[in-house]
Amino acid sequence: NMKTTLIIMAAGIGSRFGGGIKQLAKMGPNGEIIMDYSIYDAKEAGFDKVVFIIRKDIEKEFKEVIGNRIQNYMDVEYVFQDINDLPEGFTCPEGRTKPWGTGQAVLCAKSVVDTPYVIINADDYYGKEAFVKLHDFLVEHAKMGKEFDMGMAGFILKNTLSENGTVTRGVCKVDDNNLLKEVYETTGIKAEGDKIVCDNPEVEAWAKPESNVSMNMWAGYPDFLDYLEKDFSTFLSNISDNPMKKEYLLPNIVAELLREDRINVKVLETHDKWFGVTYAEDKEYVQNAFKQLIENGVYPEKLWK
């Protein structure tokens, strides 16, 4: 029975929970937050450990809101994303406050992850199907003939839109073998009738409501974490053009490996409806969505018995 780990990127969570931090808003009938449902789905799919990537300054509140509850059901580890946690020979540019991004977040977890894993955002609801598909992909681990193998949950674009404004998504080009060709980080996406409109005219020309998008849900192996360690140093050597803002982001890292023809990324299409709190008005929508899922028997009313 292969061990697998769920890595949750939660370092972007604000520090004042009392101030209504959207990622920790109570969504379920007993105060469950979106993350509870993701962890529940992951456990059901076969994951046996959760690694929370957080900031040190929110550790106490984070444990009170979710961590302490989860450790009764899963192995739990905490790692801390820190702007000053850099490879030997590098220091944070004077005056920089912006975190280094999702690539560095995942790299923080390297010391506690020695199994295949799935990476998710803390504040996105992904649905059950993606966890099952990615878990099964990891366990079967069919080598695909390149240096790196990864999986990605391919959400259907129209299932990831918000009724309250435009969204940013990684719109994907996928080949006939369901392998990822390219990811286009695209802003300003919304549907107008059967047409997708967005800020990028090139993407708008081919994107369809049925196109696959990445929601930062990746499946990988420890070898990719080893690669991140080397690659992050390379990234830091090349930030002089924008030292205050340049970010080390998972989609860009994968895109670069695709360009170098060093990786196969299997796109595992999922038909569940994504939801998250992009806009304040989304909160009520998400609460109603969970209510509906519970009424439909997808989740028990009391998630953690």
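Please refer to the structure higher up on the page.
Note that this is a predicted model, so its numbers are computed, not measured. Along each chain, numbering runs from 1 in the same order as the chain's sequence is written. Thresholds applied to this predicted model are a pLDDT of at least 70 for local features of residues and 80 or more for the giving and counting of side-chain atom pairs; totals over whole chains, interfaces and linings are not thresholded and use all residues. Only hydrogens and water are removed before side-chain values are computed, so all heavy atoms of the structure are retained for them.

## Description of the overall build of the protein
Working definition: helices are DSSP H or I runs of at least four residues, strands are E runs of at least two. Numbering for both runs from the N terminus. What the protein contains, in helices and strands, is 8 helices and 12 strands. In terms of overall size, the protein behaves like a compact globule, its C-alpha atoms giving a radius of gyration of 19 Å where 305 residues would be expected to give roughly 19 Å. The C-alpha extent of the protein, read off along each of the three principal axes, is 50 × 45 × 45 Å. Buried positions account for 52% of the 305 residues belonging to the protein. Contact criterion: two residues are considered in contact whenever any of their non-hydrogen atoms come within 4.5 Å of each other. Pairs at least 24 residues apart make up 75% of the contacts formed inside the protein by residues separated by at least 6 positions. For the protein, the accessible surface area stands at approximately 14200 Å², while carbon and sulfur atoms represent 46% of it. Here the radius of gyration uses the C-alpha set of atoms, whereas the globule reference equals 2.2 Å times the residue count to the power 0.38. Burial status follows relative accessibility: with a 1.4 Å probe on protein chains alone, a residue under 20% of its type maximum counts as buried, one over 50% as exposed, and anything between as partly exposed. With residues, only the protein chains shown are counted as cover, and all accessible areas are computed by Shrake-Rupley using a 1.4 Å probe.

## Looking at unusual backbone geometry
The phi angle at Asn-216 is positive, at roughly 60 degrees, despite the residue not being glycine. In this structure, Asn-216 sits in strand 10 (residues 212-220). Residue classification places Asn-216 among the buried positions, given a relative accessible area of 14%. In the Ramachandran plot, Asp-261 falls in the positive-phi region, its phi being about 60 degrees despite a non-glycine side chain. Along the chain, Asp-261 falls in the loop between helix 7 (250-259) and strand 11 (263-270).

## Examining the environment of Gly-220
With respect to the helices, strands and loops of the structure, Gly-220 is situated in strand 10. Along the primary structure Gly-220 and Pro-87 are separated by 133 residues, whereas in three dimensions their C-alpha atoms are 22 Å apart. Those residues in contact with Gly-220 that sit more than four places away from it in its chain are Pro-116, Tyr-117, Leu-138 and Met-150.

## Regarding the pairing of strand 4 (residues 117-121)
Among the 5 residues of strand 4, 5 are classified as buried, and the element is accordingly described as predominantly covered. Side chains Tyr-117, Ile-119 and Asn-121 project from strand 4 onto one buried face, and the interleaved Val-118 and Ile-120 project onto a second face that is buried too. At least two DSSP bridges between two strands are needed for those strands to be called paired. Relative to strand 4, strand 1 (residues 5-9) is paired through 5 bridges, and the arrangement is parallel. Within the sheet, the bridge partner assigned to Met-9 lies in strand 4 and is Asn-121. Strand direction decides the pairing type here: strand 4 and strand 10, joined by 3 bridges, are antiparallel. Each residue of the ladder has a partner; that of Val-118, found in strand 10, is Ala-219.

## Structural notes on helix 4 (residues 128-140)
Multiplying one less than the number of residues by 1.5 Å gives the expected span of a helix. For helix 4, built from 13 residues, the straight-helix expectation of 18 Å at 1.5 Å per residue is met to within 8% by its first-to-last C-alpha distance of 19 Å. For helix 4, the complete set of buried residues consists of Ala-130, Phe-131, Leu-134, His-135, Phe-137 and Leu-138. For helix 4, the angular spread of the buried residues around the axis is 160 degrees, confining them to a single face. Contact partners of the buried residues in helix 4: strand 1, helix 1 (34-45), strand 4, strand 6 (148-156), strand 10 and strand 11. The arc in question is formed by the directions pointing from the helix axis toward the C-beta atoms.

## Side note on the packing of helix 6 (residues 222-236) against helix 7
For the pair helix 6 and helix 7, the least separation of the axes is 12 Å and the interaxial angle reads 95 degrees. In terms of axis orientation, helix 6 runs roughly perpendicular to helix 7. Contact residues: Phe-224, Tyr-227, Leu-228 and Asp-231 in helix 6; Leu-250, Ile-253, Val-254 and Leu-257 in helix 7. Per-class residue counts for the contact of helix 6 with helix 7 are 7 nonpolar, no polar and 1 charged. To obtain an axis, a line is fitted to C-alpha atoms, over the contacting stretch when the element is a helix, and the angle between two such axes runs from 0 to 180 degrees between their N-to-C directions. When an angle is under 35 degrees it counts as roughly parallel; over 145 it counts as roughly antiparallel; between 65 and 115 it counts as roughly perpendicular; any other value is oblique. Under the scheme applied here, ten amino acids are nonpolar (Ala, Val, Leu, Ile, Met, Phe, Trp, Tyr, Cys and Pro), four are charged (Asp, Glu, Lys and Arg), and all others, including Gly, are polar.

## Observations regarding the layout of surface pockets
Lining residues are those with an atom within 4 Å of a point, where the points come from a 1 Å grid over the protein atoms alone and group into cavities, where a 1.4 Å probe fits but cannot get out, or pockets, open sets with protein on both sides within 12 Å along at least five of seven lines. Grid points are joined across faces, edges and corners, and a volume is the space filled by probe spheres set on the points. Quantified by volume, the largest pocket comes out at close to 1100 Å³. Taken together, 37 residues line the largest pocket, and the ones lying closest to its centre are Met-9, Thr-102, Asn-121, Asp-123 and Asn-216. Elements with a contribution of two residues or more to the lining of the largest pocket: helix 3 (102-108), strand 7 (167-174), strand 10 and helix 7. With 4 residues, strand 7 is the single largest residue contributor to the lining of the largest pocket. In the lining of the largest pocket, the residues fall into 14 nonpolar, 14 polar and 9 charged. There is about 310 Å³ of room inside the second largest pocket. Elements that contribute at least two residues to the lining of the second largest pocket include exactly helix 6 and helix 7. Examining the composition of the lining of the second largest pocket, we find that 4 residues originate from one element, helix 6, more than from any other.

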